Amino acid sequence: PIERLSASDMAEEPAKLSIDQARVAAKEACAIFEQPANAERLLAVQKESAGDIGKFFMMVIPVAVELVGSVIAKYGFEPSQSGAMEFVKELRRYEADGEIKALVKLHCGDLVNI
């Protein structure tokens, strides 16, 4: 028989970022998306994906990862789609923090849904 692990059996991974580091990292990541050329580029691929979720994942996510890659790498995350997902997961660890939640919703809301 296959042994199943309960949620209590799986220890939560230790935080990669302190709350202060998460705040700074979120600000830096969001600032990249606010740069006019980057914002234009993202908007163009979002429009091109035309609400098609498959196109969104094939077109928008890679551009977003490319743009934010250098920031997430600086904080120990791989500059890839999986690294970006880990970064978002780390920010979600602090979703109760009003500053992080507001930053992400205000600046990155279309890409990261906290």
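Computed from a predicted model, the values in this text were never measured in an experiment.

Novice: What's the story with the pattern of salt bridges in this structure? I'm lost.
Specialist: Pairing between side chains of opposite charge can happen when their charged atoms approach one another. Counted by the stated rule, this structure contains eight salt bridges. Measuring nitrogen to oxygen at the nearest pair gives 3.1 Å for the salt bridge that ties Asp-20 to Arg-23. With Asp-20 and Arg-23 both in helix 1 (residues 19–34) and three residues apart, the pair spans about one turn of that helix. We classify Asp-20 as partly exposed; its relative accessible area is 48%. Here Arg-23 falls in the partly exposed class, since its relative accessible area comes to 21%. Between Glu-99 and Arg-23 there is a salt bridge, with its nearest N and O atoms 3.4 Å apart.

Novice: In this structure, what is going on with helix 4 (residues 81–92)? I would like to understand it.
Specialist: An α-helical segment advances 3.6 residues per turn. Residues three or four places apart therefore align on the same side. The end-to-end C-alpha distance of helix 4, which contains twelve residues, comes to 16 Å, matching closely the 16 Å that a straight helix rising 1.5 Å per residue would cover. Those residues of helix 4 that sit buried are Gly-83, Ala-84, Phe-87, Val-88, Glu-90 and Leu-91. For helix 4, the arc enclosing every buried residue in end-on projection is 155°, short of the 170-degree limit, so these residues lie on one face. Across from the buried face of helix 4, at angles greater than 90 degrees, the exposed residues are Met-85 and Lys-89.

What counts and what doesn't
Residues numbered from 1 in each chain as written. Predicted model: local features only at pLDDT ≥ 70, side-chain atom pairs only at ≥ 80, totals over all residues. Heavy atoms only, no water. Salt bridge = Lys/Arg side-chain N within 4 Å of Asp/Glu carboxyl O. Helix = DSSP H or I, 4+ residues; strand = E, 2+ residues; numbered from the N terminus. Buried < 20%, exposed > 50% of the residue type's maximum accessible area, 1.4 Å probe, protein only. Expected span 1.5 Å × (residues − 1). Arc of directions from axis to C-beta.

All we've got here are geometric facts, nothing functional implied.
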